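Survey of secondary and tertiary structure
Each chain, written out:
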Amino acid sequence: MDLARPAHRPKGKVPHAPEARDESGAGLHVAIIMDGNGRWAVSRGSSRPAGHIEGARTARRIVEAAPQCGIRVLTLYAFSADNWNRPQREVAMLMRLFRRYLLSEVDRCIANGVRLTIIGRRDRVPGEVRKAIESAEAATSEGRTLDLRIAVDYSARDSILRAARRAADHHLSREQFSRLLGEVEHDRGPSREVDLLIRTGGEQRLSDFLLWECAYAELYFSDILWPDFSAKDLHAAVAEFHARERRFGGVPAAAAG
Ligand code: FPP
């Protein structure tokens, strides 16, 4: 990263406004913690892998629906660094599923203008998955309708720590640090501020997901288990987001006079 490069800030922006926030109407960054696959499967008398398979189908439907909801960047939490602690069989099944998803979604992504990027570490995923990641990223790199980022072997704390180690002594601005964070996560640009974070499955926590980028995110928790989450539910979450007033530490617009 070129630390001397001045961070881009569009004219007329408030100097202390969070970086990379979409103020231009160009589209939202929505991040989703897709929770509840296991419970969905067990409640139907199936095994947990069946829930993940159905979860991948839901991911496909939500990716398709995202642009109509005004979403320009969609980040899905597919596998956390702590998920390596799951039973080995489940981990192996998830890795096979990611590879299959990447191979099968490429044509659809190209047809729909979706640029696919995997964020997170790459040195611990199986070689076959790494190859599928690289080829999906290369094949979809021209997509301009939706930036689909899938977090695999991802830990926000780990990313921040690695970026901070690299940044030591450089006195970076927030924007420069965001670029560095994007780099350590293998993202293709600076890490982007999240507008709306959705978590399905009834739990209400962040689970080490996009901690830097969610500094001013609106949080939306749904009891729906991920395999049952529909395009209609996504629309409802985005509608609630638009009904909220975002103040970024300021005062309500009405009170500002
Ligand atoms: C959390 O539910 C879900 C995961 C750890 C895996 C997420 C994976 C998918 C949705 C499928 C693949 C998706 C893509 C985009 C390739 P859980 O298993 O913790 O559910 P539980 O809380 O009910 O046990």
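What you see is a predicted model, and the numbers here were worked out from it, not measured in a lab. In this numbering scheme, every chain counts its residues from 1 along its sequence in written order. The predicted origin of the model limits local features to residues at a pLDDT of at least 70 and limits the giving and counting of side-chain atom pairs to 80 or more, whereas totals for whole chains, interfaces and linings rest on all residues. The basis for every side-chain value is the complete set of heavy atoms in the structure, and neither hydrogens nor water enter the calculation.

Here's the deal with the environment of Asp107
Put simply, DSSP marks the helices as runs of H or I at least four residues long and the strands as runs of E at least two long, and each gets a number from the N terminus on. By secondary structure assignment, the location of Asp107 is in helix α3 (residues 88-111). On the basis of relative accessibility, which here comes to 61%, the residue Asp107 falls in the exposed class. Measuring from C-alpha to C-alpha, the distance between Asp107 and Ala136 comes to 9.3 Å, with 29 residues separating the pair along the chain. Exposure categories follow from relative accessible area, calculated using a 1.4 Å probe and restricted to protein chains: below 20% of the type maximum is buried, above 50% is exposed, and the middle band is partly exposed.

What to know about the side chain of Ser155
With respect to the helices and strands, the residue Ser155 is situated in the loop between β4 (146-154) and α5 (156-167). We call two N or O atoms a polar contact when they sit within 3.5 Å, provided that within protein one can donate a hydrogen and the other can accept it, with sequence-adjacent residues counted only if both atoms are side-chain atoms. In this structure the side chain of Ser155 is engaged in a polar contact, spanning 3.0 Å, whose partner is the backbone nitrogen of Asp158. Aside from chain neighbours lying at most four places away, what touches Ser155 is Ala81 and Asp208. Throughout, a contact is declared for two residues whenever any of their heavy atoms are within 4.5 Å.

Considering the packing of α3 against helix α4 (residues 127-139)
For every element, the axis is a line fit to its C-alpha atoms; helices are fit only across the contacting stretch, and the angle between N-to-C directions ranges from 0 to 180 degrees. Where α3 meets α4, the closest approach of the two axes is 9 Å, and the angle between their N-to-C directions is 15°. Considering the angle they form, α3 stands roughly parallel to α4. Relative to α4, α3 is oriented so that their crossing is left-handed. From α3, Met95, Arg99, Leu102, Leu103, Val106 and Ile110 reach across to α4, where they touch Glu128, Val129, Ala132, Ile133, Ala136 and Ala139. In the scheme used here, Gly and all other residues not listed as nonpolar or charged are polar, with Ala, Val, Leu, Ile, Met, Phe, Trp, Tyr, Cys and Pro taken as nonpolar and Asp, Glu, Lys and Arg as charged. For the contact of α3 with α4, a count of residues per class yields 10 nonpolar, no polar and 2 charged. The cut-offs work like this: below 35 degrees is roughly parallel, past 145 is roughly antiparallel, 65 to 115 is roughly perpendicular, and the gaps in between are oblique. By definition, turning the near helix anticlockwise from the far helix through less than a right angle yields a left-handed crossing, and turning it clockwise yields a right-handed one.

Concerning the pattern of salt bridges
In what follows, salt bridge is the name for a side-chain nitrogen of Lys or Arg lying within 4 Å of a carboxyl oxygen of Asp or Glu. Summed over the entire model, instances satisfying the criterion amount to 26 salt bridges. Across the salt bridge formed by Arg99 and Glu128, the nearest N and O atoms sit 3.5 Å from each other. Here the residue Arg99 occupies a position in helix α3, and Glu128 occupies one in helix α4, the gap between them amounting to 29 residues. When its relative accessible area of 42% is taken as the criterion, Glu128 is described as partly exposed. Residue Asp187 pairs with Arg192 through a salt bridge whose shortest N-O separation is 3.6 Å. For Arg192, a relative accessible area of 17% gives the class buried.

Brief notes about the site of the ligand
One heavy atom within 4 Å of a molecule or strand is enough for the residue carrying it to be called near that molecule or strand. Surveying the vicinity of the ligand reveals 18 residues, the closest of which are Asp35, Gly38, Arg39, Arg48 and Arg86. For the ligand, an oxygen atom lies 3.3 Å from a polar atom in the backbone of Gly36. One nitrogen or oxygen atom from the main chain of Asn37 is found 3.2 Å from an oxygen atom belonging to the ligand. Residue burial considers only the protein chains on display, and all accessible areas are found by Shrake-Rupley using a 1.4 Å probe. Contact with the protein chains covers 92% of the free accessible surface of the ligand, which is 620 Å². Here the shell around the ligand takes 5 residues from helix α2 (residues 48-65), the largest share from any one element. Of the residues that constitute the shell around the ligand, the class distribution is 8 nonpolar, 6 polar and 4 charged.

Side note on the nonpolar core
Nonpolar side chains tend toward joint burial in soluble globular proteins. As used in this record, nonpolar core signifies buried Ala, Val, Leu, Ile, Met, Phe, Trp, Tyr and Cys residues forming a set joined through side-chain atoms within 4.5 Å. Formed by 47 residues in total, the largest nonpolar core has its most connected members in Ile32, Ile71, Leu74, Leu148, Ile198 and Leu234. If one sorts the elements of this core by residue count, α3 sits on top with 10 residues.

Points about the confidence of the model for the protein chain
Put simply, the protein chain has an average pLDDT of 89, and 89% of its residues get 70 or more. Below a pLDDT of 50 lies the segment residues 1-23, which in the model reaches 36 contacts outside its immediate sequence neighbourhood of four places, other chains included. The pLDDT score gives, residue by residue, the confidence of the prediction method on a 0 to 100 scale.

Description of the packing of aromatic side chains
Pairing of aromatic rings covers Phe, Tyr and the six-membered ring of Trp, with a centre-to-centre limit of 6.5 Å; geometry is then stacked below 30 degrees between planes, edge-to-face above 60, and tilted otherwise. A full pass over the atoms with the stated rule returns 8 aromatic pairs. Residues Tyr77 and Tyr154 carry aromatic rings whose centres are separated by 5.9 Å and whose planes lie at 85° to one another, so their mutual orientation is edge-to-face. Of this pair, Tyr77 sits in strand β2 (residues 71-80) while Tyr154 sits in strand β4; the two residues are 77 residues apart in sequence, bridging distant segments of the chain. Centroid distance Trp226 to Phe229: 5.6 Å. Interplanar angle 20°. Geometry classified as stacked. Here Trp226 and Phe229 have matching classes, each one buried. Members of the aromatic cluster, joined through ring pairs, are Tyr77, Tyr154 and Phe209.

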